[in-house]
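The chain contents come next:
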Amino acid sequence: MIAYNRTSLDNLSINEAVVTAFDQQLISKEDTGAIIKAYPVNMYMPNVFIRIGLFLLTTVIVVMVYGFLLMAEIGGSEKGLGVLTFIFSLVLYGALEFIIREKKHYRSGIDDALLWLCIIALIAAANLVFSGITGLANAVLVFIPAFYFLLRFGNAVMGALAFAALLTIIFYSITPLGNIPKTIMPFLLMAIAFFVYWLAIKFSTDNRVRYYKHCCTLIEILALIILYAAGNFFVVREVSNSLFDLQLQEGESVPFGWIFWIPTVLFPAVYIFRGIQKRDVILLRTGLILVAAIIFTIRYYYHVAPIEIAMSIGGAIMILLAYFITKYLTPAKHGFTHAEPNDPGLAGLLQVESIIVAQTFHQTPTAEPDKHFDFGGGSGGGAGSTGNY
Amino acid sequence: MNIPLFERLYKEGLLSAPSLQNVKQKAGSKLFSVHWELKTILYLGILLLTGGLGILIYKNIDTIGHQVILAAIGLLCAGCFFYCERKKLPFATTKVPAPNSFFDYILLLGCLTLVTFITYLQVQYIAFGRAYGLATFIPMVILFFCAYYFDHLGVLSMAITNLAAWAGVAITPLNIVNANNFADAKIIFAGLVLGVALAAIAWASQRRNIKAHFEFTYVNFGMNILFISSLAGMFQFDNFYPLWLLPLAAAVFYFYKRAIATGFFYYILMLALYGYIGISYVIVRFLIVSMRDLGIIYLILLYFIGSATAIIVFLSRMNKKMKLHDRI
């Protein structure tokens, strides 16, 4: 089913494991070189920045070619353009298959771009040909190609898209059925999210679906977040209020709304606990992020303290928490460490971190225009300064 | 660690026995690192704390009094620097690792409170006068000193944004286009000078081997402001817009050389995109001015298809060329 060459994919995963071991200085350079030679990867996989560039440029080319179609269809009907767009999306799909089979592209940016533009063209074509498509029909329209692309190309984002479309289909097809389905909707969505999470966990180590490992990871994260969101008090109250037209007043809640405070507060704690217990990065990190969701949900309905006091105290608690964990884990305990993982692939993260720091903490006032120091001895700054003494 | 895989490789004679032993041992004693989790918690904590304290002071300035606030900020700042000074590893001109991630962020907190302290003194008492932007200049010098003394990339980035602010240019990634008034020729030239200066500092640090790992940070800021200023000049000065291709070409050429020397693909992507925007602007504008019928649109579409294909070929070639210098 997968479009890429299977031997190359298998060899790629061997190479990745070996390079990781080499980075951790477990195996020698000669061994690493020999293994990579014995298991060659015959695929075109450029560096990530080149991939970004190829993605953007491919998009430019495809949009410009589509521009020719638009020029040809000036004055034509919407339906005619829809048919042309449909043919265009088929051509894009052909190009995608060609570039993978003949040119051996694998996540090169070009195949990513063609994949995305193909699905966008397909959905646009359907909406142009049949005007007035419902939300449910559009969800089905997204789900079918996304699911196919997931199977065919093992693309993680397509997997996430298919999952989201599936949930939308379920939501739209159940809501018209009456009040009881509406009431159990959060529980139904939670059950589905949990089931999908369980499936992803179960199959993430299965050798038969090894080409879909990346997809499993992203779907795991998404399923955990949806499992939480479906039971979150804020989401349940506000979504019910706006979609089912309940017209709740401030302070009012959906019937038995208090039940949703339990998962709102409990789930992140469970995620973190299980994450630590099972040494599961995904559970742990999702849990930590969702702690923020708890705080926002509570603060939205109960004004515990003015924002600045809450921020200061929260910030201080977090700093202290980090301090005590660092102290507790020096030296490493129970298989946990606070030391940096020895992975050259993460070296770029330090650069990203420093840029984020500069972006968020640049609180120094930019020199006011009339006071700033001028390069080239500008007269404005010099003259103004004398007056101020 | 995939043990069966390594055992298979060992059986095939591709892996030596000690290597297999190493892998097995490592898999048995694998530690779970919470390094980035702790860093994120610390980062958010400091962001919240400094933000919260800022609002707190702003709201209660009348009841607390300036001296008390200054004393509190000063104490916090002194505490942070005291901790960092005690924990830091000895200074060296090469890369010095931080003792732990907590240290990194306490240093950051110290620098932030120090900058706040100075800004506060300036706003309240105009302690540094109004001449020569001293109020921005002094924090900048302190930040640069701390960045080198404690070896901290985040503080260095803050120092560079401060240097840019002193020159009148906003350089932080999300503000670089919006916050600068590029209609002002002074900003454009300040941006050019700043970009060249940062590139020069980067070159010198790498050449003299003084904190050579700071090179990328300098180049990143310098490259972006240099390219954006050149493009802004091109868009702004109507009469001789093609002339701006000269500084653009010079920058592309210089960073191309640096990319080849350092093996950073990031430089290649940036120079390709900025250069492409510049050339496309000049060509499209020339086409629009010289022709006046509908055929122009077809020509522009054709130009973009052809030129984007050319850049794709260029990027692929560069990928091949630079891959040769890759790690293994």
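Residues numbered from 1 in each chain as written. Chains lettered and ligands numbered in written order. Predicted model: local features only at pLDDT ≥ 70, side-chain atom pairs only at ≥ 80, totals over all residues.

**Quick notes on the overall build of chain B**
- If you tally the helices and strands in chain B, you get twelve helices and one strand.
- In terms of principal-axis extent, the alpha carbons of chain B reach across some 75 × 70 × 35 Å.
- Taking all 328 residues of chain B together, 41% fall into the buried category.
- For chain B, contacts bridging at least 24 residues in sequence account for 58% of all contacts bridging at least 6. (Helix = DSSP H or I, 4+ residues; strand = E, 2+ residues; numbered from the N terminus. Buried ≥ 20, exposed ≤ 12 C-beta atoms within 10 Å, placed from the backbone. Contact = placed C-beta atoms within 7 Å.)

**What to know about the overall build of chain A**
- Helix and strand content of chain A: 15 helices and one strand.
- Split into buried and exposed, the 389 residues of chain A put 32% on the buried side.
- In chain A, 61% of the contacts between residues at least 6 apart in sequence involve partners at least 24 apart.

**Considerations on the packing of helix H9 (residues 213–231) of chain A against helix H11 (residues 261–278) of chain A**
Residues and elements named next belong to chain A.
- With their axes 9 Å apart at the nearest point, H9 and H11 run at an angle of 160° to one another. In terms of their interaxial angle, H9 and H11 are classed as roughly antiparallel. Once H9 is placed against H11, the crossing between them reads as right-handed. Only Pro 263, Thr 264, Phe 267 and Tyr 271 of H11 make contact with H9, whose side of the interface consists of Leu 224, Tyr 228 and Gly 231. (Axes fitted to C-alpha atoms, helices over the stretch in contact; angles between N-to-C directions. Parallel < 35°, antiparallel > 145°, perpendicular 65-115°, else oblique. Left-handed = near helix turned anticlockwise from the far one by under 90°.)

**Focus on the nonpolar core**
- Among the nonpolar cores identified, the biggest contains 160 residues, and Cys 118 and Ala 223 of chain A together with Cys 111 and Val 155 of chain B are the most heavily contacted of them.
- Formed jointly, this core draws a minimum of three residues from each of two domains, domain 1 (43–166) and domain 2 (179–328) of chain B.
- Setting aside residues up to four positions removed in sequence, Val 155 of chain B forms contacts with Leu 107, Leu 108, Cys 111, Leu 143, Cys 146 and Ala 147 of chain B.
- Within the second largest apolar cluster, twelve residues are counted, among which are Ile 14 and Leu 26 of chain A together with Leu 14 and Leu 15 of chain B. (Core = buried A, V, L, I, M, F, W, Y, C linked by C-beta atoms within 7 Å. Domains from an automatic or database assignment.)

**Quick look at the packing of helix H13 (residues 307–328) of chain A against helix H3 (residues 35–64) of chain B**
- Where H13 of chain A meets H3 of chain B, the axes come as close as 7 Å, and the angle between the chain directions of the two elements is 150°. Judged by the angle between their axes, H13 of chain A and H3 of chain B are roughly antiparallel. In this structure, H13 of chain A meets H3 of chain B at a crossing whose hand is left-handed.
- For the contact of H13 of chain A with H3 of chain B, the per-class residue count stands at 17 nonpolar, seven polar and two charged. (Nonpolar A, V, L, I, M, F, W, Y, C, P; charged D, E, K, R; others polar.)

**Some thoughts on unusual backbone geometry**
- The residue Arg 107 of chain A is not glycine, and still its phi comes out positive at about 50°.
- The topology assignment puts Arg 107 of chain A in the loop between helix H4 (78–101) and helix H5 (110–129).
- Judged by local crowding, Arg 107 of chain A falls into the partly exposed class, with 18 C-beta atoms found within 10 Å.
- Even without being glycine, Asp 151 of chain B reaches a positive phi, approximately 55°.
- Mapped onto the secondary structure, Asp 151 of chain B falls in the loop between helix H6 (134–150) and helix H7 (153–166).

**Points about the environment of Phe 227 of chain B**
Residues and elements named next belong to chain B.
- The residue Phe 227 is located in helix H9 (residues 215–236) in this model.
- For the pair Phe 227 and Asn 2, spaced 225 residues apart in sequence, the C-alpha to C-alpha distance is 46 Å.
- Beyond its immediate sequence surroundings of up to four residues, Phe 227 is in contact with Ala 251 and Tyr 274.

**Things to note about the interface of chain B and chain A**
- Contacts between the two partners involve 84 residues from chain B and, on the opposite side, 78 residues from chain A.
- Considering every element that reaches the side of chain B that touches chain A, the biggest residue donor is H3 of chain B, with 17 residues.
- Taken together, the residues of the side of chain B that touches chain A break down into 55 nonpolar, 24 polar and five charged.
- Where strand S1 (residues 336–337) of chain A lies against strand S1 (residues 32–33) of chain B, two bridges are found, and the strand directions are parallel. Residue pairing for S1 of chain B: Phe 336 of chain A is matched across the bridge by Phe 32 of chain B. (Pairing = 2+ DSSP bridges.)

**Details of the domain arrangement of chain B**
Residues and elements named next belong to chain B.
- Domain assignment breaks chain B into domain 1 (43–166) and domain 2 (179–328).
- Taken together, the contact between domain 1 and domain 2 spans nine residues of the former and ten residues of the latter.
- With five residues, H7 is the largest single contributor of residues to the side of domain 1 that touches domain 2.
- Tallied by class, the residues present in the side of domain 1 that touches domain 2 amount to five nonpolar, two polar and two charged.

**A few points about the environment of Lys 278 of chain A**
- Mapping Lys 278 of chain A onto the fold places it in helix H11.
- When the C-alpha atoms of Lys 278 of chain A and Val 357 of chain A are compared, they prove to be 32 Å apart, with 79 residues separating the residues in sequence.

**Regarding helix H2 (residues 29–38) of chain A**
All names here are of chain A.
- All of the buried residues in H2 are Asp 31, Thr 32 and Ile 35. In a view along the axis of H2, the buried residues occupy a sector of 100°, so they form one face of it. In H2, the exposed positions angled more than 90 degrees off the buried face are occupied by Lys 29, Glu 30 and Lys 37. (Arc of directions from axis to C-beta.)

**Considering the confidence of the model for chain B**
- Overall, the prediction assigns chain B a mean pLDDT of 82, with 96% of residues at 70 or greater.
- Across the interfaces of the predicted complex, the ipTM metric reaches 0.85, alongside a pTM of 0.84. (pLDDT = per-residue confidence, 0-100.)

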